[in-house]
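# Structural characterization, general
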Amino acid sequence: MKAGHERLPHVTANRPANAAVTDSPFLRACRREPVPHTPVWFMRQAGRSLPEYRKAREGIAMLDSCMRPELVTEITLQPVRRHAVDAAVLFSDIVIPLKAIGVDLDIRPGVGPVVARPFRSRQDLARLRPLEPDDVKYVTEAIGMLTAELGATPLIGFAGAPFTLASYLVEGGPSRHHEHTKALMYGDPGLWSELLDRLAAITAAFLRVQIEAGASAVQLFDSWVGALAPADYRRAVLPASAKVFSAVAGYGVPRIHFGVGTGELLGSMGEAGADVVGVDWRVPLDEAARRVGHELALQGNLDPAVLFAPPEAVAAQAQRVLDAAAGLEGHVFNLGHGVLPETDPDALTRLVAYVHEHTAR
Ligand code: CP3
């Protein structure tokens, strides 16, 4: 076993452990314990594929909606009610902690996060002060309401990883090539590592708030890290992500580490300190386990585009994922990336039922 990958103790954060949550299939799978069925949840399950979501959000800007605890609670619960998924994921966004410390940014519909003044120089570091719990009171409040409603269903909290947040800050918005981000990473390694360290501290603080409020697991989204070569990932990014994982290690809640296009990085990502590694659809889970190391649970990895195929084809592809995971200890079924906005919600409901039925033991 690698250092730091001891099995997780059966404890939750600074609140009385809810035994039913602790013993839920999702948390058991994260701890690589036997499960009654393979647990399922979907990245971006709370969102635009649901008509009830679009209705709840009518006339409310994305970032504003994340700051209203009642609305966050309702939107977070919608996919749990509709699909019978094994975990809820907090309705929020990876840029919320940056917004909360005063970075001038917005989420534009159909585009994504846009930063008014991109971060390019040492002076810009001063715009990244530490995150205090009071900056995100609405998150604490929403999680309190959610854990009261969710019963035995665990709530997953999340944050953006330092590299992915840096990409939005440095590019000023979504980017295909991450050219300004990479220019800073190669051109000014000192400033780059200070930037990533500040982001790691903000991310760790944001995860701590969520765990202390009652989140039962956390996921670190490093969505765009697959743009890096392995040596650059190890040198310039892994140390900052590892700081985030170690900052929340003491809580004993499972920590999930996810990125897209990370086939060549899976071994390194497995060393960053997470308990579960999320895998996209490009690497089958049995091969992913060889790359990550068998000490960690895996999450994934149906291609979200498969859900646009007829039901029999979706079932066949879901079965392929289950077959590849059959020999593993600890599998959380998920998509290889988030639910696409045009997905038929009924396809998701059917997929949850399929996985539950075909893995019942
Ligand atoms: O998973 C969930 O259901 C919980 C909510 C959630 C959102 N964003 C809500 C959201 C989560 C986990 C995220 C994470 C997030 N945000 C990531 C990592 C996940 C991934 O997809 O890789 C990233 C990269 C972001 C940044 C971001 N925010 C993007 C790229 C977009 C999409 C822009 C668009 O409209 O195409 C957003 C906006 C956003 N975040 C929406 C939602 C539901 C859409 C807002 C809307 O409905 O108008």
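The structure under discussion appears in the preceding block.
## So, the overall build of the protein chain
What the protein chain contains, in helices and strands, is 16 helices and 9 strands. In terms of C-alpha radius of gyration, the protein chain reaches 19 Å, essentially the compact-globule figure of 21 Å for 361 residues. Dimensions of the protein chain, computed from C-alpha atoms along their principal axes, come out at roughly 55 × 45 × 45 Å. The 361 residues of the protein chain split such that 59% are buried. A separation of at least 24 residues holds for 73% of the contacts in the protein chain among residues at least 6 apart in sequence. Carbon and sulfur atoms form 53% of the exposed surface of the protein chain, whose accessible area is close to 14200 Å². Once the 36 positive and 41 negative side-chain charges of the protein chain are each reduced to a mean point, those two points are 3 Å apart.

## A look at the site of the ligand
Near the ligand, the surroundings consist of 26 residues, among which R44, A46, D93, S223 and H337 are the closest. One of the backbone N or O atoms of R44 is found 2.6 Å from an oxygen atom in the ligand. Between an oxygen atom of the ligand and a main-chain N or O atom of G110, the distance comes to 2.8 Å. Elements with a contribution of two residues or more to the shell around the ligand: α3 (51-57) and β3 (112-115). Class assignment for the residues of the shell around the ligand results in 16 nonpolar, 6 polar and 4 charged.

## Points about unusual backbone geometry
Glycine aside, residues mostly have negative phi, and peptide bonds are mostly found in the trans state. Along the chain, G300 connects to N301 via a cis peptide bond; the corresponding omega equals -5°. By the secondary structure assignment, N301 is in strand β8 (residues 297-302). Of note in the backbone geometry, R44 takes a positive phi value of approximately 60° without being a glycine. Of note, R44 is situated in the loop between α2 (25-30) and α3.

## Considerations on the pairing of strand β5 (residues 217-222)
Burial analysis of β5 places 6 of its 6 residues in the buried class, which makes it a mostly covered element. Because side chains alternate across β5, one face comprises the buried residues A217, Q219 and F221, and the other comprises V218, L220 and D222, equally buried. Note: strand β4 (residues 155-160) against β5, 5 bridges, orientation parallel. The residue of β5 that forms the bridge with F158 is Q219. Of the strand pairs in this sheet, β5 and strand β6 (residues 255-259) are connected by 5 bridges, and their pairing is parallel. Across the sheet, residue V218 finds its bridge partner in β6, namely R255.

## Considering the sheet that holds β5
Strand order across the open sheet formed by 7 strands is β1-β4-β5-β6-β7-β8-β9, with parallel pairing between neighbours. Pairing within the sheet leaves two strands with one partner each, and these edge strands are β1 (88-89) and β9 (331-335). Two elements, strand β7 (residues 276-278) and β8, share 3 bridges in a ladder whose sense is parallel. Along β8, the bridge assignment pairs V277 with L298. Against the sheet, helix α10 (residues 189-213) engages β4 and β5, with an angle of about 170° to β4.

## Here's the deal with the environment of S223
Assignment of secondary structure puts S223 in the loop between β5 and α11 (230-236). A relative accessible area of 9% means that S223 is categorised as buried. Once the C-alpha coordinates of S223 and R31 are considered, the two residues, 192 residues apart in sequence, prove to be 23 Å apart. When residues no more than four places from it in sequence are discounted, the contact partners of S223 are T164, F258, G259, V260 and H337.

Rules behind the numbers
- Residues numbered from 1 in each chain as written.
- Predicted model: local features only at pLDDT ≥ 70, side-chain atom pairs only at ≥ 80, totals over all residues.
- Heavy atoms only, no water.
- Helix = DSSP H or I, 4+ residues; strand = E, 2+ residues; numbered from the N terminus.
- Rg over C-alpha atoms; globule rule 2.2 N^0.38 Å.
- Buried < 20%, exposed > 50% of the residue type's maximum accessible area, 1.4 Å probe, protein only.
- Contact = heavy atoms within 4.5 Å.
- Areas by Shrake-Rupley, 256 points an atom, 1.4 Å probe, with all protein chains shown as cover.
- Lys, Arg positive; Asp, Glu negative; His and termini not counted.
- Charge placed at Lys NZ, Arg CZ, Asp CG, Glu CD.
- Near = heavy atom within 4 Å.
- Polar contact = N/O pair within 3.5 Å; in protein donor to acceptor, adjacent residues only side chain to side chain.
- Nonpolar A, V, L, I, M, F, W, Y, C, P; charged D, E, K, R; others polar.
- Pairing = 2+ DSSP bridges.
- Axes fitted to C-alpha atoms, helices over the stretch in contact; angles between N-to-C directions.

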